[in-house]
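Structural description and commentary
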Amino acid sequence: MTRTRSILITGTDTGVGKTIICRHLAVYLQSRGLNVITQKWVQTGCAESDDIREHNLTLPVFEAQMPNLKELRCPYSLPYAASPHLAAKSHGVEIKAARIEEALITLERHFDVVLVEGSGGALVPLNEEMLMADMAARLKMPVLIVAGNRLGAINHTLLTVEALAGRSIRVGGLIFNRIANLGDETILSDNISVISQFSNVPVLGEMPFVTGPEEAQVRFAPIGAAFYRLWREEHQ
Ligand SMILES: Nc1ncnc2c1ncn2[C@@H]1O[C@H](COP(=O)(O)OP(=O)(O)OP(=O)(O)O)[C@@H](O)[C@H]1O
Ligand SMILES: [Mg+2]
């Protein structure tokens, strides 16, 4: 049975827009009346999660509401800006799947939706034994893929879909994200149709390149609505 209260937001790479999508999806779902929280299992590059701080800009969360909420949302924060397995090793920390699982289960008990922002992409190592996708498989989490829309996206996205499908992970949707202001429109729109054709995964929309959070919120609304429709269908 796939989990029903949480979803992992992975990406085709680091820096493709997982944080911005997670943040705006969270606030969109909250506007539809759902009690939403975000989580980042392993944050690297800072002592306190920058990504959670960014989610909180549009999703006001009162840490005092629940004991240990900060730790539950980000069980591992590691200053070394590297892949989780390497950052953990360099700080002498062991990333434990059971600790991540417990934190997720606790959040699921208190919120309608837990949006988990992944670290890097699907095949990034969490520790010596597990890749990010292995953790998703262990937890039976459905996954949303943020595809950075640029030259190369077809290969990166289809590889990501295959890696997840090969672990019997349900890919709930694809969101394309324009991470640069300029690009060859022919290539970028072809990326979407070719990936849609070969992946058999619902495309929820494309986030345009935006200049600020207000614009992002407005431009994200149709994507949020597409996600919400699927969510409702599955939670009737
Ligand atoms: N659609 C967009 N329009 C404008 N800027 C964007 C867009 N998407 C992402 N960016 C910018 O690109 C940068 C990387 O995005 P973001 O931090 O969301 O990526 P990420 O996948 O979460 O990265 P990480 O793997 O480090 O968590 C950020 O500065 C973000 O503001
Ligand atoms: Mg991020």
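Keep in mind it's a predicted model, so treat the numbers as computed, not measured.

1. Brief notes about the packing of aromatic side chains
By the definition in use, this model includes 1 aromatic pair. Centroid distance Phe-227 to Trp-231: 6.0 Å. Interplanar angle 25°. Geometry classified as stacked. Residue Phe-227 and its partner Trp-231 are located together in helix α9 (residues 213-234), separated by 4 residues, close to a single helical turn. Both residues of the pair, Phe-227 and Trp-231, belong to the buried class. The ring centre of Tyr-76 lies 4.5 Å from the NZ or CZ of Arg-99, which sits over that ring.

2. What to know about the site of ligand 1
The environment of ligand 1 is formed by 16 residues, the closest being Thr-14, Lys-18, Thr-19, Asn-177 and Val-210. Side-chain polar atom of Thr-14 to an oxygen atom of ligand 1: 2.7 Å apart, as the coordinates give it. In this structure, Val-210 approaches ligand 1 through a main-chain N or O atom, which is 2.9 Å from a nitrogen atom. When ligand 1 sits alone it has 630 Å² of accessible area, and the protein chains cover 71% of it. No other element matches the 3 residues that helix α1 (residues 18-31) contributes to the shell around ligand 1. Residue composition of the shell around ligand 1, by class: 6 nonpolar, 5 polar and 5 charged.

About the cut-offs
Residues numbered from 1 in each chain as written. Chains lettered and ligands numbered in written order. Predicted model: local features only at pLDDT ≥ 70, side-chain atom pairs only at ≥ 80, totals over all residues. Heavy atoms only, no water. Phe/Tyr/Trp six-rings, centres within 6.5 Å; stacked < 30°, edge-to-face > 60°. Helix = DSSP H or I, 4+ residues; strand = E, 2+ residues; numbered from the N terminus. Buried < 20%, exposed > 50% of the residue type's maximum accessible area, 1.4 Å probe, protein only. Lys NZ or Arg CZ within 6 Å of the ring centre and 35° of its normal. Near = heavy atom within 4 Å. Polar contact = N/O pair within 3.5 Å; in protein donor to acceptor, adjacent residues only side chain to side chain. Areas by Shrake-Rupley, 256 points an atom, 1.4 Å probe, with all protein chains shown as cover. Nonpolar A, V, L, I, M, F, W, Y, C, P; charged D, E, K, R; others polar.

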